Each structure stands twice: as C-alpha cells, then as structure tokens.
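# Structural features, examined
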Amino acid sequence: MLIKAALEAEIAPGGMKAVTLNGREIVLCNYEGTFYAVERACGHSGARLERGALTGWVLTCPLHYAQFDIRTGEALSGPAPKAPASRHADPADPALKTRGLAAWPVRAEGGAVYVDLP
Ligand code: FES
C-alpha cells in the first residue's frame, strides 16, 4: 500500500527526514534526487539515524558510526570499537553486532514521496 510520506521539496539532495507511517518509524533519504526509505532505528543500538550523515548512498549512524546502504538497508559495517580495543577488535564481539535495516520501496510522483508498506 502506497502511503504519502512527505513532499519532495522537504528533503534536499543528501538530506533525510524522519516520518512515522502506520506506526513504523522511517527515515526518508534523498540520494541525488532518488528517494529511499529505511528503518529509523540503528541496527546496532537504536540511535535515530536521521541525525547521522548521508554520504552518497551510505548512511552513517551518529552514535557509534555503523554504516548502512540506504538502497537495501544492508549493514556495511558495525560500530567503531572503543580504543584501545580497536587495535584488536574481535568481529565476533556481541557489542559490535549490527543487523541490517528494514527498507521499503519508494515512489516519487507529483512532488510527493510515497512509501510502499505491506
Ligand atoms: S547505535 Fe548506531 S552504531 Fe551504535
């Protein structure tokens, strides 16, 4: 079901906007004029991702810098480990586990952004 989420003009290229649709918290992202929708809560520890940085299609969490692909929600990297453990970080450390984000199809039409939610 397509749900109107925002106006295109509200989200500049490289920008993000948090919205709540049908009880789901979502971040809308504008990557070079194409819009994407991913889960708002970081897959590491739930930080609000619209407060992070969007560089191309990579969304970086503001809290511990895990990174996600906004096109798919895939977790590209986990949180940055605290120093001095960073020199000997164990990828199996549960504190570094990061799940991917839910992602939904988006359509921009008539100046509005619609998210396709099941
Ligand atoms: S809450 Fe996002 S990296 Fe920790």
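Now for a description of the structure that goes with this document. (Residues numbered from 1 in each chain as written. Predicted model: local features only at pLDDT ≥ 70, side-chain atom pairs only at ≥ 80, totals over all residues. Heavy atoms only, no water.)

Attention shifts here to unusual backbone geometry. In most cases, non-glycine residues show a negative phi, while peptide bonds are predominantly trans. Despite not being glycine, N22 shows a phi value in the positive range, around 50 degrees. Looking at the element boundaries, N22 is found in the loop between β2 (16-21) and β3 (24-31). With a relative accessible area of 54%, N22 lands in the exposed category. For Y65, which is not glycine, the phi dihedral falls at a positive 75 degrees. In this fold, Y65 is placed in the loop between β6 (58-60) and β7 (67-69). (Helix = DSSP H or I, 4+ residues; strand = E, 2+ residues; numbered from the N terminus. Buried < 20%, exposed > 50% of the residue type's maximum accessible area, 1.4 Å probe, protein only.)

Here we come to the sheet that holds β2. The strand order across the open sheet formed by four strands is β2-β3-β4-β9, and the pairing between neighbours is antiparallel. The open sheet has two free edges, formed respectively by β2 and β9 (103-104), since each of these has just one partner strand. By the bridge criterion, six bridges tie β2 to β3 in an arrangement that is antiparallel. Bridging from a neighbouring strand, L21 pairs with R24 of β3. (Pairing = 2+ DSSP bridges.)

Attention now goes to the sheet that holds strand β11 (residues 112-116). Taken in spatial order, the three strands line up as β1-β11-β10 in an open sheet, and their pairing is antiparallel. Of all the strands in the sheet, just β1 (2-7) and β10 (106-109) have a single pairing partner and so form its edges. Each neighbouring strand pair of the sheet contributes to a mean axis angle of 30 degrees, computed without reference to strand direction. Relative to β11, β10 runs antiparallel, the two sharing four bridges. Bridging across to β11, V106 finds its partner in V115. (Axes fitted to C-alpha atoms, helices over the stretch in contact; angles between N-to-C directions.)

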